[in-house]
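Secondary and tertiary structure notes
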Amino acid sequence: MEFYFLNSNEQPPESSTHKHEHELHRVDCPFFPDESEKFGPYKTSQEALLAARIWTSMKGYDWFVDGCAECCPEIDSDKQ
Ligand SMILES: [Zn+2]
């Protein structure tokens, strides 16, 4: 089980393929965000991604939640 952290600040446009992209990180990521929302603990990053997307929509934010290429490549849609 692990905690996941959603960056409160959006990715700069040149490093993202979606508008208002916010990335999800693991606690040991070298690109760990300064400000973040904590989710978890979850067994998989897929569960964390889903929870973060539900939280985002409940908040009414127009964020696109994506995985970090460094620590959560299995849920990073920019890689596809
Ligand atoms: Zn990361």
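Residues numbered from 1 in each chain as written. Predicted model: local features only at pLDDT ≥ 70, side-chain atom pairs only at ≥ 80, totals over all residues.

**A closer look at the overall build of the protein**
What counts is decided by this rule: Helix numbers and strand numbers start at the N terminus; a helix is a DSSP run of H or I with at least 4 residues, a strand a run of E with at least 2. Any residue with 12 or fewer other C-beta atoms within 10 Å of its own C-beta is exposed, any with 20 or more is buried, and the rest are partly exposed; the C-beta atoms used are placed from the backbone. Remark: residues whose backbone-derived C-beta atoms lie within 7 Å of one another are considered to be in contact.
The secondary structure content of the protein amounts to one helix and four strands. Beginning at the N terminus, the succession of helices and strands in the protein can be written as β-β-β-α-β. Taken along its principal axes, the extent of the C-alpha atoms in the protein is 30 × 25 × 25 Å. Within the protein, the proportion of its 80 residues that are buried is 26%. In the protein, once contacts between residues fewer than 6 apart in sequence are set aside, the share between residues at least 24 apart is 63%.

**Overview of the nonpolar core**
Note the following rule: Residues of type Ala, Val, Leu, Ile, Met, Phe, Trp, Tyr and Cys that are buried and joined through C-beta atoms within 7 Å form what is called a nonpolar core.
In this structure, Leu-6, Leu-24, Ala-48, Leu-49, Ala-52 and Val-65 are the most contacted members of the largest nonpolar core, which totals 14 residues. Looking at this core, the elements with two or more residues in it are β1 (2-7) and α1 (45-59). Excluding its chain neighbours within four sequence positions, the residues that come into contact with Leu-24 are Tyr-4, Leu-6, Ala-48, Leu-49, Ala-52, Val-65, Gly-67, Cys-68 and Cys-72.

**Some remarks on the sheet that holds strand β2 (residues 21-26)**
Using the following cut-off: By definition, two strands form a pair when at least two bridges between them are found by DSSP. Fitted lines through C-alpha atoms serve as axes, helices being fitted only where they are in contact, and the angles separating the N-to-C directions of these axes extend from 0 to 180 degrees.
An order of β3-β1-β2-β4 is seen for the four strands of this open sheet, with the pairing classed as mixed. At either end of the open sheet lies a strand with only one pairing partner, and these are β3 (36-42) and β4 (64-67). The average angle at which neighbouring strand axes cross in this sheet is 30°, direction not considered.

**Looking at the environment of Lys-59**
Mapping Lys-59 onto the fold places it in helix α1. A C-alpha to C-alpha distance of 14 Å links Lys-59 and His-22, two positions 37 residues apart in sequence.

**Observations regarding unusual backbone geometry**
Of note, the bond from Gly-40 into Pro-41 is cis; its omega dihedral lies within 30 degrees of zero at 5°. Mapped onto the fold, Pro-41 is located in strand β3. Although it is not a glycine, His-20 sits at a positive phi angle of roughly 55°. By secondary structure assignment, the location of His-20 is in the loop between β1 and β2.

**Some remarks on α1**
Since one α-helical turn is 3.6 residues long, residues separated by three or four positions face the same way. Just so we agree on the cut-off: Given the number of residues in a helix, its expected span is that number minus one, multiplied by 1.5 Å.
The terminal C-alpha atoms of α1, which comprises 15 residues, lie 21 Å apart, in line with the 21 Å expected from a rise of 1.5 Å per residue. Looking at the packing, one finds that the buried side of α1 touches β1, β2, β3 and β4. Directly beyond the C-terminal end of α1, a positive phi value near 80° is found at Gly-60.

Note that all results are geometric; they support no functional claim without further evidence.
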